[in-house]
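Read off the chains here:
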Amino acid sequence: MSEEPETVQVFNVLNHELVPVHEVLDEDEAKALMARYGVKEDQLPKIQVADPAARAAGARPGDIIRVVRMSPTAGKAVAYRFVVEY
Amino acid sequence: MRPSTNVPKKIGSIEFALLSPTESRGLSATKVITADTYDDDGFPIEMGLMDPRLGVIEPGLRCKTCGQKVGDCPGHFGHIDLAMPVIHVGYVKTIRNCLRATCRGCGHLLLTESEKGQFRARYDQYMVEAKDTGPLSKRIVKVASTAQVCPSCGREHGTIDVDKPTTFRENQHKMTPSEVREWLEKIPDEDLPLLDMNPEVARPEWMVLTVLAVPPVTMRPSITLDSGERSEDDLTHKLVDVIRINQRLQENRDAGAPQLIVEDLWELLQYHCTTYFDNQTAGIPPARHRSGRPLKTISQRLKGKEGRFRSNLSGKRVNFSARTVISPDPNLSINEVGIPEASARELTVPVRVHLRNFEWCRAMVERGPRPEDLPGGIYQPGVNYVFRADGRRVKVTEKNREEVAERLELGSTIERQMMDGDVVLFNRQPSLHRMSMMAHKVKVMPGKTFRFNLPCCPPYNADFDGDEMNLHVLQGEEARAEAEILMKVQENILSPRFGGPIIGAIHDHISGCFLLTWKNPKIAVEEASQVFARIGFRGNMPEVHREGPDRMYVYGKDMFSCILPKGINLRFRSNACPPGISDEEAIERDYLVDIVDGELLSGAIDERAIGAFKGVLLEKIARDLGNAEAALFLDRVTKLGTGYITMRGFTTSIDDEDIPDEAQRDIATKIQRAERQIDALVESYNLWQDPAVSPKEKEERGLQALPGRSLEETLELEIMKVTAQTRDGAGETASHFLGMDNPAVIMARCGARGSMLNLSQMAGCVGQQAVRGERIHRGYQQRTLPHFKRGDLGASAKGFVASSYKTGLSPTEYFFHSMGGREGLVDTAVRTSRSGYMQRRLINALEDLKVEADNTVRNTAGTIIQFTYGEDGVDPSRSVRGTPVDLAQVFTEAEKELKRKA
């Protein structure tokens, strides 16, 4: 049922100034993250593969996405999303 | 110690099932056939609704089924065999879905084999992933119900409609519950999972009742009134109705009565069963008591705010609590609460008797439950109960107190009456934030009210116009320690809401301190010492100055410095400081507060320094020197303020708003000018409608619409502008004549109470009244009131109040003013209910969130909600009004330090 992430895109949402940076973690980073917080994947916030930002970042189900966004309190805030199918 | 019984357990799974008729009968202790409850001698009738086999409710008797006594017997179900099946109201929707999605002929789901296969595969996948199958079933029903003919047997499928509460129609033909039941029976087990039912525990035909379970009597006890009359529970009443109709239905049917009569009775039975489950079903009248009160049946017992869940399980009535009216006491510390003696004698604290407190405990038990006051009226705590080591409870009375004291043993627990210094929780509803419930230390005092110091009013949002508050006595050492560390009033001075003080000086404290410090008044030594004496100050007197041979005085600022802690450095502008003036002018007019090492060098202390919400001085003390120091400062500053203001005297009355004739005239001309301006605006607007004016002239002299606005909007905007200017102008004129020698102005400027707008409305002009932010338009026939001409757009016709509150309003003005006032009242009423519901939903969503040690916010499942609390990890109650560090303050302090070193 999994669809291939679209390769040809008319517009890359990640280039928009209001969309925060989304990047897929590699396996080591993902492992380190899980160890740091002592959590399993399903205890992370989720993002759908179909989410425009996730598609633009080329994520597949099971990946973890790092989101770096501007925050009114902290300046820059880092969050992580576990990519799910539905 | 008894072994703990409240070991946490984890719920593995929950299964929802339907009760089958066989199961209902199996559960039943007896069949219920008679609608009567008790016979003439007051004994329960066998096979009646109060059958002794259904459980015991009278103390002393034993249950006929299980042989246990009142508290132990849980009660037992009975059953009623219904003469004809009846639809269960709670399952009408599910039944409808089943009927719509299945075939009446063969009972199979109305899906083709391939559709079925697909959905089955999807369903299996959902089960593997442990996902909710509810939405899938909904889709299946939707697909199946569109079928015209059954793919399995080719039978035509009709449309199923539900009539009001419990009647089903197939192609507009009524179906009896029996027919419905027959249909549901045909649905094969293997199709049930797709309809979100588990065939192992639930069959669809069980949603049509043939047997009605009768709940145990323990669930519907009858009450004996004082008059000896028995009053039955609402559920029992309803069951009586069901049995009666059931009997009549059976008799009529067996006697072969006409179809019509049987059907009527059947419908009546359906009605009674429906209301027995839910007496608020839409489409049928609720069953009523003889008095006209609607019966409280099963659904009503559980549902809503007063239902079992919200009122008895999520929240409960508790012991060791008290509620009474509150009143102020400025002599208490902010950490204290005054308790009436009567409450103190009733509320108790458990104390373990051990070697080191044995004599103390014994003496207290000996005093009994009503000890006499010590000489001087000093309260002494007594003991109400002794719990012996073997678990027996002994009530201490005047008669047995000596004997009980004599027999007191180590290891017993005594329930001691409250005494000074006990920690209690104090709460005012609505509990909107955590400061609505704070820990106080008890002070037992005469009287019948709870008393606390005025700085604690803002966090509780309390006043003394009849407010009542609740108090809970803590019963364990752990609880007391936790409350003292986390919930004590002083720990809540800095609010987590905005990072400033929420507890602070109010009203007279502020006026008092302002009068004491502004322009540094000279205060006679005698008066100063009197003020210090009444606040219980024990430090050194400030420097005494001499004037002439026998006048000795101290400065007000020096007096204030006496209670300032050392080491405080702060510079800020007073609340009374008019905006937009230079530092030099602020210093000259004594509005620039400068505190160096705990000495008030210049400036007036007012709301900006010590007030709740705004007080920066208070905030600084709490942050730099700790909460205990802040509490001490607050206790002193409030006493100093009230002490000084009482000695000096301070009054305000309506003649504080007296202004000279000259000012009156000035305001009158300003209002006249405004009216002329508005007339001119209206005229330029009306020009457009005038046929006598040439188009060219219209363009030149007519009102020009603002960009993006219509002509009407422009006119309203312009008029609103003029009326606002006029009110401000009148206020300016008025305040020009009301100086800082005026008590009302002093209060407004220093932030104690009232505002300059209030004063200018009293002295000058009330101004434009508005409804929904617009001038008042409502009315019939193009006018607001019959006092005006139709179509009048002038100032007074649309709600401009030219009078002041002091001169009084004209009848039309009064009417407009009431309209504006009414809107305000309605808005607050609507706002509270709406925000209350919003808060309830928010709290339900957030209640299990917690900040963990690694700064993540997680719920009880360990799911991460936020990776760093607030994204910056800052605790707002420890922040400086939201920012982690007050850089400006750090720099000034560093600069000072550098200078000192140089």
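Just so it is clear, the structure is predicted and the values come from calculations on it, not from any experiment. (Residues numbered from 1 in each chain as written. Chains lettered and ligands numbered in written order. Predicted model: local features only at pLDDT ≥ 70, side-chain atom pairs only at ≥ 80, totals over all residues.)

**Re the overall build of chain A**
Then comes step 1: Broken down by element type, chain A carries 2 helices and 4 strands.
Then comes step 2: The linear arrangement of helices and strands in chain A, starting from the amino end, is β-α-β-α-β-β. (Helix = DSSP H or I, 4+ residues; strand = E, 2+ residues; numbered from the N terminus.)

**A look at the overall build of chain B**
Then comes step 1: Scanning chain B from N- to C-terminus turns up 28 helices and 30 strands.
Then comes step 2: Taking 902 residues into account, the globule formula puts the C-alpha radius of gyration at 29 Å, and chain B, at 39 Å, lies well above it.
Then comes step 3: With respect to the principal axes defined by its C-alpha atoms, chain B has extents near 120 × 110 × 65 Å.
Then comes step 4: Relative to its full complement of 902 residues, chain B shows a buried share of 33%.
Then comes step 5: A separation threshold of at least 6 residues defines the contact pool for chain B, and within that pool the share at least 24 residues apart is 67%. (Rg over C-alpha atoms; globule rule 2.2 N^0.38 Å. Buried ≥ 20, exposed ≤ 12 C-beta atoms within 10 Å, placed from the backbone. Contact = placed C-beta atoms within 7 Å.)

**Some thoughts on the pairing of strand 17 (residues 468-473) of chain B**
All names here are of chain B.
Then comes step 1: Side chains M469, L471 and V473 project from strand 17 onto a buried face, and the interleaved E468, N470 and H472 project onto a face without burial.
Then comes step 2: Summarising the sheet, strand 8 (residues 321-328) and strand 17 pair through 5 bridges and their orientation is antiparallel. By the bridge assignment for strand 17, V325 is matched with E468.
Then comes step 3: In this sheet, strand 17 lies alongside strand 14 (residues 423-427) in antiparallel orientation, the contact comprising 4 bridges. For F426, the partnering residue across the bridge sits in strand 17 and is L471. (Pairing = 2+ DSSP bridges.)

**Quick notes on the packing of helix 22 (residues 661-686) of chain B against helix 24 (residues 711-737) of chain B**
All names here are of chain B.
Then comes step 1: Packing of helix 22 against helix 24 leaves a shortest axis separation of 10 Å and a crossing angle of 175°. Considering the angle they form, helix 22 stands roughly antiparallel to helix 24. Residues A663, D666, I667, K670, I671, A674, Q677, I678, L681 and Y685 of helix 22 form the contact with helix 24, whose participating residues are L711, L715, E718, I719, V722, T723, T726, G729, A730, T733, A734 and F737.
Then comes step 2: When grouped by side-chain class, the residues that make up the contact of helix 22 with helix 24 number 14 nonpolar, 5 polar and 3 charged. (Axes fitted to C-alpha atoms, helices over the stretch in contact; angles between N-to-C directions. Parallel < 35°, antiparallel > 145°, perpendicular 65-115°, else oblique. Nonpolar A, V, L, I, M, F, W, Y, C, P; charged D, E, K, R; others polar.)

**A short note on unusual backbone geometry**
All names here are of chain B.
Then comes step 1: Residue P430 is reached from Q429 by a cis peptide bond, and omega for that bond is 0°.
Then comes step 2: Assignment of secondary structure puts P430 in the loop between strand 14 and strand 15 (437-445).
Then comes step 3: At N855, a residue that is not glycine, the phi angle is positive and equals roughly 75°.
Then comes step 4: Locating N855 in the fold gives a position in the loop between strand 28 (850-851) and strand 29 (857-858).

**Looking at the sheet that holds strand 12 (residues 393-395) of chain B**
Residues and elements named next belong to chain B.
Then comes step 1: If you walk across this open sheet you meet the 4 strands as 10-13-11-12, and the pairing is antiparallel. One side of each edge strand has no neighbouring strand; the edge strands of this open sheet are strand 10 (348-352) and strand 12. Sheet twist, expressed as the mean angle between neighbouring strand axes with direction ignored, is 25°.
Then comes step 2: The pairing of strand 11 (residues 383-387) with strand 13 (residues 413-417) spans 4 bridges and is classified as antiparallel. Paired with V383 across the two strands is R416, which belongs to strand 13.
Then comes step 3: Across the sheet, helix 11 (residues 358-367) is in contact with strand 10, strand 11 and strand 13; its angle to strand 13 comes to roughly 60°.

**A few points about the domain arrangement of chain B**
How big an interface is tends to be stated in terms of the accessible area lost upon association of its parts.
Then comes step 1: Partitioning chain B into structural domains gives domain 1 (89-208), domain 2 (321-492), domain 3 (507-648) and domain 4 (660-818).
Then comes step 2: Domain 2 of chain B and domain 4 of chain B are separated by 58 Å when their C-alpha centres are compared. (Domains from an automatic or database assignment.)

**Considerations on the sheet that holds strand 30 (residues 864-866) of chain B**
Residues and elements named next belong to chain B.
Then comes step 1: A sheet is described by the order of its strands in space; here 3 strands give the open sequence 28-29-30, paired in antiparallel fashion. Sheet topology places strand 28 and strand 30 at the edges, where each strand pairs with a single neighbour.
Then comes step 2: Pairing analysis gives 2 bridges linking strand 28 to strand 29, with the strands arranged antiparallel. Within the sheet, the bridge partner assigned to V851 lies in strand 29 and is V857.

**Quick word on the environment of V211 of chain B**
Residue and element names in this part refer to chain B.
Then comes step 1: Residue placement: V211 occurs in strand 5 (residues 208-214).
Then comes step 2: As for V211 and Q866, which are separated by 655 residues in sequence, their C-alpha atoms are 52 Å apart.
Then comes step 3: Other than its neighbours up to four places away in sequence, V211 contacts P21, S24, R25, H79, D81 and L82.

**A look at the pairing of strand 2 (residues 160-163) of chain B**
Residues and elements named next belong to chain B.
Then comes step 1: Pairing between strand 2 and strand 3 (residues 167-170): 4 bridges, direction antiparallel. When the bridges of strand 3 are listed, D161 appears paired with R169.
Then comes step 2: What sits between the antiparallel neighbours strand 2 and strand 3 is a turn of 3 residues, in which K164 has the positive phi angle 45°.

**Quick word on the interface of chain A and chain B**
Then comes step 1: Listed per partner, the contact involves 12 residues of chain A and 10 residues of chain B.
Then comes step 2: Ranked by residues supplied to the side of chain A that touches chain B, first place goes to strand 4 (residues 75-84) of chain A with 4 residues.
Then comes step 3: Here the side of chain A that touches chain B is composed, by residue class, of 9 nonpolar, 3 polar and no charged.

**Thoughts on helix 20 (residues 616-625) of chain B**
Residue and element names in this part refer to chain B.
Then comes step 1: Counting buried positions along helix 20 yields 7 of 10 residues, so the element is predominantly enclosed.
Then comes step 2: Taken as a whole, helix 20 has its buried residues at V616, L617, L618, E619, K620, I621 and A622.
Then comes step 3: The inward-facing, buried residues of helix 20 abut strand 21 (570-573), helix 19 (607-610) and helix 21 (627-648).

**Some details on helix 6 (residues 234-254) of chain B**
All names here are of chain B.
Then comes step 1: Its 21 residues give helix 6 an end-to-end C-alpha distance of 30 Å, which sits within 8% of 30 Å, the value for a rise of 1.5 Å per residue.
Then comes step 2: Residues of helix 6 that are buried: D234, L235, K238, L239, V242, I243, I245, N246 and L249.
Then comes step 3: Contacts made by the buried residues of helix 6 are with strand 1 (78-87), strand 5 and helix 7 (259-277).
Then comes step 4: In the stretch just after helix 6, G256 is the one whose phi turns positive, near 70°. (Expected span 1.5 Å × (residues − 1).)

**Let's talk about the nonpolar core**
Residue and element names in this part refer to chain B.
Then comes step 1: Grouped together as the largest cluster of nonpolar side chains are 114 residues, with contacts concentrated most on C513, F514, F560 and I610.
Then comes step 2: Take this core: its biggest share by element is 8 residues, from helix 21.
Then comes step 3: The residues contacting I610, other than those within four sequence positions of it, are G504, A505, I510, C513, I605, G615, L617, L618 and V637.
Then comes step 4: In terms of nonpolar packing, the next biggest core, distinct from the first, is built from 54 residues, V32, M50, L82 and L212 among them. (Core = buried A, V, L, I, M, F, W, Y, C linked by C-beta atoms within 7 Å.)

**Observations regarding the confidence of the model for chain B**
Then comes step 1: The pLDDT averaged across chain B works out to 90; a share of 100% of its residues lies at or above 70.
Then comes step 2: Here the prediction assigns the complex a pTM of 0.81, and the interface score ipTM is 0.88. (pLDDT = per-residue confidence, 0-100.)

**Looking at the packing of helix 16 (residues 525-534) of chain B against helix 21 of chain B**
Residue and element names in this part refer to chain B.
Then comes step 1: Axis separation between helix 16 and helix 21 bottoms out at 9 Å; the angle between their running directions is 135°. Taken as axis vectors, helix 16 and helix 21 run oblique relative to one another. The chirality of how helix 16 crosses helix 21 is right-handed. Contact residues: helix 16 offers E527, Q530, V531 and R534, while helix 21 offers L640, G643, Y644 and M647.
Then comes step 2: For the contact of helix 16 with helix 21, the residue count by class is 4 nonpolar, 2 polar and 2 charged. (Left-handed = near helix turned anticlockwise from the far one by under 90°.)

**Let's talk about the environment of R407 of chain B**
All names here are of chain B.
Then comes step 1: In this fold, R407 is placed in the loop between helix 12 (401-406) and strand 13.
Then comes step 2: Exposure remark for R407: the 14 C-beta atoms within 10 Å place this residue in the partly exposed category.
Then comes step 3: Remark: the alpha-carbon pair of R407 and R840, spanning 433 residues in sequence, is separated by 52 Å.

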